[in-house]
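Survey of secondary and tertiary structure
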Amino acid sequence: MKKKVVVLPGDGIGQEIMDAAIQVLNKVSDTYNHNFTFEQYEIGGSSYDKYAEPLTDETVEACLQADAILLGAIGGEKWDSLPPHLRPEQGLLKIRKALNLFANIRPIKGFAPLLHASPLKESVINGSDIYIVRELTGGLYFGTPRERREDGNVAVDTLLYHREEIERIVEKGFESARIRNKHLTSVDKANVLESSRLWREIVEEKKEQYPDVKVDHMLVDSAAMKLITDPTSFDVIVTENLFGDILSDEGSVLTGSIGMLPSASLSETVGLYEPVHGSAPDIAGKGIANPLGMILSAAMMLRYSFDLNEEAERIEQAVEKSLEQGYHTADLNINNGVEVDTKKMTEVVISNL
Ligand code: IPM
Ligand code: MN
């Protein structure tokens, strides 16, 4: 299979973890006789440093031509004082919108050797396997007006959704539940927000088409509590942009490390894959970053964009085996484990492929 992948390493540890993921993909393509090519472009602070904007039209164009996109991480203190429209995050929001990446998939499943590192009791998190489907191109992140009034003393953000935007993400939620454990939890704040009432109505309409899926509605505050007190009661969660942002960070504590979590952001035609963790500027350039979230994101790319399920599973199993052998980077802790740097961690994964 011949595929063109645009890689956007971004900032901080982005380049280091991207190099690791590319090495793993090259090994997979050698083994299975695929032909993956990688074209690198800038995003975030590194794009700002070069072009004075966090995402150029040229990068967007390259992404539109690609078969899939891998993204490392963006942001860092260095760019924190820039005006809002030039901040690294703006590059990320712009690419999500430009590519219409409306569905953000964040699977939250722990690896056994890491579970003891979670601040939650193992008895609570054991067996949890959650799949968050977060709406990614609407809601408070994009609604207008978004402005300051009265000399800056009043601020407005807008939570706006069109029926079609809710329908397509809710469908994604149902479809995902259908191929997993057939349980969908739709999270909203329908006791207060009008947008949530529309959301709930649409879920009720859609469920007629998915009689095999059991649906619950849950208010976001209560879902936040349940996620860490009774995580095994969830299968697929579908929710709007900001709720999904918050719940997915919260959910990451179930796994013992946010450094392990991959994500996919999907449109009808293309996918962008990135780890859930940030750019970790404090350790950038030291060669000690955990490449596993990025490597697992590359596995998601193989599965969702290229339909290469066997190859994706090989990578996931190699990661799991490496952890079982006790190998881990400095951000993780495994009982009687061996702490290694990014390069060695990547080599171990490749040797376990
Ligand atoms: C995420 C991040 C982004 C978001 C930021 C960096 C804009 O937190 O991908 O979850 O809020 O969506
Ligand atoms: Mn977030």
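Nothing here was measured: the structure is a model prediction, and the numbers come from that model. (Residues numbered from 1 in each chain as written. Chains lettered and ligands numbered in written order. Predicted model: local features only at pLDDT ≥ 70, side-chain atom pairs only at ≥ 80, totals over all residues. Heavy atoms only, no water.)

Before going further, it helps to examine the pattern of salt bridges. For the structure on display, the rule yields 22 salt bridges. Put simply, Asp188 and Arg200 hold a salt bridge, and the shortest N to O gap is 2.8 Å. Placement of the pair is Asp188 in strand 8 (residues 183-188) and Arg200 in helix 7 (residues 194-206), with a sequence separation of 12 residues. Three or more residues are tied together by salt bridges with common partners; here these are Asp80, Arg87 and Glu89. (Salt bridge = Lys/Arg side-chain N within 4 Å of Asp/Glu carboxyl O. Helix = DSSP H or I, 4+ residues; strand = E, 2+ residues; numbered from the N terminus.)

Attention now moves to the packing of aromatic side chains. Here the structure, examined in full by the defined rule, presents 3 aromatic pairs. Between Phe36 and Phe306, the aromatic rings sit 5.9 Å apart at their centres with planes inclined by 35°, giving tilted as the arrangement. Residue Phe36 is located in strand 2 (residues 35-40), and its partner Phe306 is located in the loop between helix 10 (292-304) and helix 11 (309-324); the two are separated by 270 residues in the primary sequence. The pair formed by Phe36 and Phe306 is uniform in burial state, with each residue classed as buried. With a centroid separation of 4.6 Å and an interplanar angle of 10°, the aromatic rings of Phe174 and Tyr210 are classed as stacked. (Phe/Tyr/Trp six-rings, centres within 6.5 Å; stacked < 30°, edge-to-face > 60°. Buried < 20%, exposed > 50% of the residue type's maximum accessible area, 1.4 Å probe, protein only.)

With that out of the way, let us pick up the environment of Leu101. Mapping Leu101 onto the fold places it in the loop between helix 4 (88-98) and strand 4 (103-109). Judged by relative accessible area, which is 0%, Leu101 ranks as buried. Look past the residues within four positions of Leu101 in its chain and what remains in contact with it is Ile95, Arg96, Leu136, Thr137, Ser265, Leu266, Ser267, Val270 and Leu272. (Contact = heavy atoms within 4.5 Å.)

Here the focus is empty space enclosed by the protein. Under the counting rule described, the total for this entry stands at 1 cavity of 30 Å³ or more. The calculated volume of the largest cavity comes to roughly 30 Å³. Lining the largest cavity are Tyr161, Val187, Asp188, Ser195, Ser196, Trp199, Glu240 and Phe243. Where the lining of the largest cavity is concerned, the elements lending two or more residues are strand 8 and helix 7. No other element matches the 3 residues that helix 7 contributes to the lining of the largest cavity. Residues belonging to the lining of the largest cavity are distributed by class as follows: 4 nonpolar, 2 polar and 2 charged. (1 Å grid on protein atoms, 1.4 Å probe; cavity = no way out; pocket = protein on both sides within 12 Å on 5 of 7 lines; lining within 4 Å. Points joined across faces, edges and corners; volume = space filled by probe spheres on them. Nonpolar A, V, L, I, M, F, W, Y, C, P; charged D, E, K, R; others polar.)

Roughly 850 Å³ of volume is contained in the largest pocket. If you go around the largest pocket, you meet 29 residues; those closest to its centre are Pro107, Lys109, Asp129, Arg303 and Glu316. Mapped onto the lining of the largest pocket, the elements with two or more residues apiece are strand 4, strand 5 (129-135), helix 6 (163-178), strand 11 (262-266), helix 10 and helix 11. Taken together, the residues that form the lining of the largest pocket break down as 15 nonpolar, 5 polar and 9 charged. The two domains that each donate at least three residues to the lining of the largest pocket are domain 1 (1-105 + 259-353) and domain 2 (119-254). Size it by volume and the second largest pocket reaches roughly 590 Å³. What lines the second largest pocket is a set of 25 residues, and nearest its centre among them are Ile74, Glu89, Leu92, Arg96 and Asp245. Where the lining of the second largest pocket is concerned, the elements lending two or more residues are helix 4, helix 9 (241-252) and strand 12 (271-275). Split by residue class, the lining of the second largest pocket holds 10 nonpolar, 6 polar and 9 charged. Lining the lining of the second largest pocket are residues from two domains, each supplying at least three of them: domain 1 (1-105 + 259-353) and domain 2 (119-254). (Domains from an automatic or database assignment.)

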